[in-house]
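Read off the chains here:
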Amino acid sequence: MSTEHTETNFTGIDISAVWPTEIRPRNCRFQVVNALQGLPFEDNTFDFVHQRFLIMGYPAKDWPFVIKELIRVTKPGGIIELTEIPIVSNANGPELTKLMEVLEQGCSSRGLDTKAAKKLEGMMREAGIQEVKGCHASIPVGAWGAKVGQLMRENSAGTWSSLKGFIKELTGMNDTQYEAMIKRIFVEYEHYKCYVNCYCAWGVKPHPAPRPEESSSTSYNIPATPSMSSSTTSPPYPQNPHPQH
Ligand SMILES: C[S@@+](CC[C@H](N)C(=O)[O-])C[C@H]1O[C@@H](n2cnc3c(N)ncnc32)[C@H](O)[C@@H]1O
């Protein structure tokens, strides 16, 4: 994005130094930040703030604080966008169903909100964000879902690799058992046509209310949201016959 939009400055944060090192456009910087400790930026800094895939990162109780921080660093009239995929996928085979049960319980017992993806719009409204809209798309996991499905399959390999320690702890499996289970799950992806639902919500940070003495002379216009679809999107890949879960 920073290569395409050279007039825009981008700031990325993560609690780990996981950003790309091969390329570093001049208009792009990264910082190691633990969002749970507050964002190290002034109020009203950014025109657009985007957060994606933190469902395994934030305990349920901390979501309101983080959203408040995202709002604080956004300029009045700026856009805040959140994107999440629920922890549990859909159309799972028996092996994946079992694993998802264990994972969901493990996440809940650690205070994570496994349903946060579906609550994005509500949490944003509650935090005072205006003109909140949302959409979701079903994304195939596996070669059955053409190019996108293959990419999601590769992505899931990374996810299972990073969750290995956690799942071994939850199940008591050893490395060999874990790898064998993941292999079986990859077969199930194709057989059961596994898919995930990706939820996105966005809205506008309101301008401050005018002080009484200003109200007759100053008008506050809230800009329209960008031209994004406000209803469920139609993914550009084979539609999964299963209903949304
Ligand atoms: C699934 S990855 C998503 C990465 C990136 N946001 C994306 O969409 O590609 C989740 C990331 O959240 C980061 N993370 C977890 N807890 C965090 C926190 N408290 N503050 C900042 N980053 C955090 C992890 O280090 C990990 O890189």
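Residues numbered from 1 in each chain as written. Predicted model: local features only at pLDDT ≥ 70, side-chain atom pairs only at ≥ 80, totals over all residues.

Caption draft 1: Representation of the sheet that holds strand β6 (residues 195–204) within the structure. Pairing within the open sheet is mixed, and its 4 strands lie in the order β3-β4-β6-β5. At either margin of the open sheet sits one strand with a lone partner, and together these are β3 (46–52) and β5 (130–140). Across the sheet, the mean angle separating the axes of adjacent strands is 15° when strand polarity is ignored. As defined by bridge partners, strand β4 (residues 74–84) adjoins β6 across 6 bridges and the pair is classed as antiparallel. In the strand pairing of β6, Glu 84 is matched with Tyr 199. Packed on one face of the sheet, helix α1 (residues 63–73) meets β3 and β4 and runs near 140° to β4. (Pairing = 2+ DSSP bridges. Helix = DSSP H or I, 4+ residues; strand = E, 2+ residues; numbered from the N terminus. Axes fitted to C-alpha atoms, helices over the stretch in contact; angles between N-to-C directions. Contact = placed C-beta atoms within 7 Å.)

Caption draft 2: The arrangement of the site of the ligand in detail. Taken together, the neighbourhood of the ligand is formed by Asp 14, Ile 15, Ser 16, Val 18, Val 33, Asn 34, Ala 35, Leu 36, Arg 52, Phe 53, Leu 54 and Gly 57. Considered class by class, the residues forming the shell around the ligand number 7 nonpolar, 3 polar and 2 charged. (Near = placed C-beta within 6 Å. Nonpolar A, V, L, I, M, F, W, Y, C, P; charged D, E, K, R; others polar.)

Caption draft 3: How the structure looks around helix α2 (residues 94–109). The end-to-end C-alpha separation of α2 is 23 Å, in line with the 22 Å expected for 16 residues at 1.5 Å each. Leu 96, Leu 99, Leu 103 and Cys 107 are the residues of α2 that are buried. Axial view of α2: buried residues confined to an arc of 70°, hence all on one face. In α2, the exposed positions that point more than 90 degrees away from the buried face belong to Pro 94, Glu 101, Gln 105 and Ser 109. (Expected span 1.5 Å × (residues − 1). Buried ≥ 20, exposed ≤ 12 C-beta atoms within 10 Å, placed from the backbone. Arc of directions from axis to C-beta.)

Caption draft 4: Local environment of the environment of Ile 80. Within the secondary structure, Ile 80 sits in strand β4. On the basis of neighbour count, Ile 80 is assigned to the buried category, with 23 C-beta atoms found within 10 Å. It is 8.6 Å that separates the C-alpha atoms of Ile 80 and Asp 47, two residues lying 33 residues apart in sequence. If we ignore the near neighbours within four places in the chain, the residues touching Ile 80 are Val 49, Leu 70, Ile 71, Thr 74, Met 124, Ile 129, Trp 202, Gly 203 and Lys 205.

Caption draft 5: The arrangement of the environment of Pro 76 in detail. With respect to the helices and strands, Pro 76 occurs in strand β4. In sequence terms Pro 76 and Thr 45 are 31 residues apart; their C-alpha atoms lie 9.5 Å from each other. Ignoring any residue separated from it by four or fewer positions in sequence, one finds Pro 76 in contact with Asn 44, Lys 205, Pro 206, His 207 and Pro 208.

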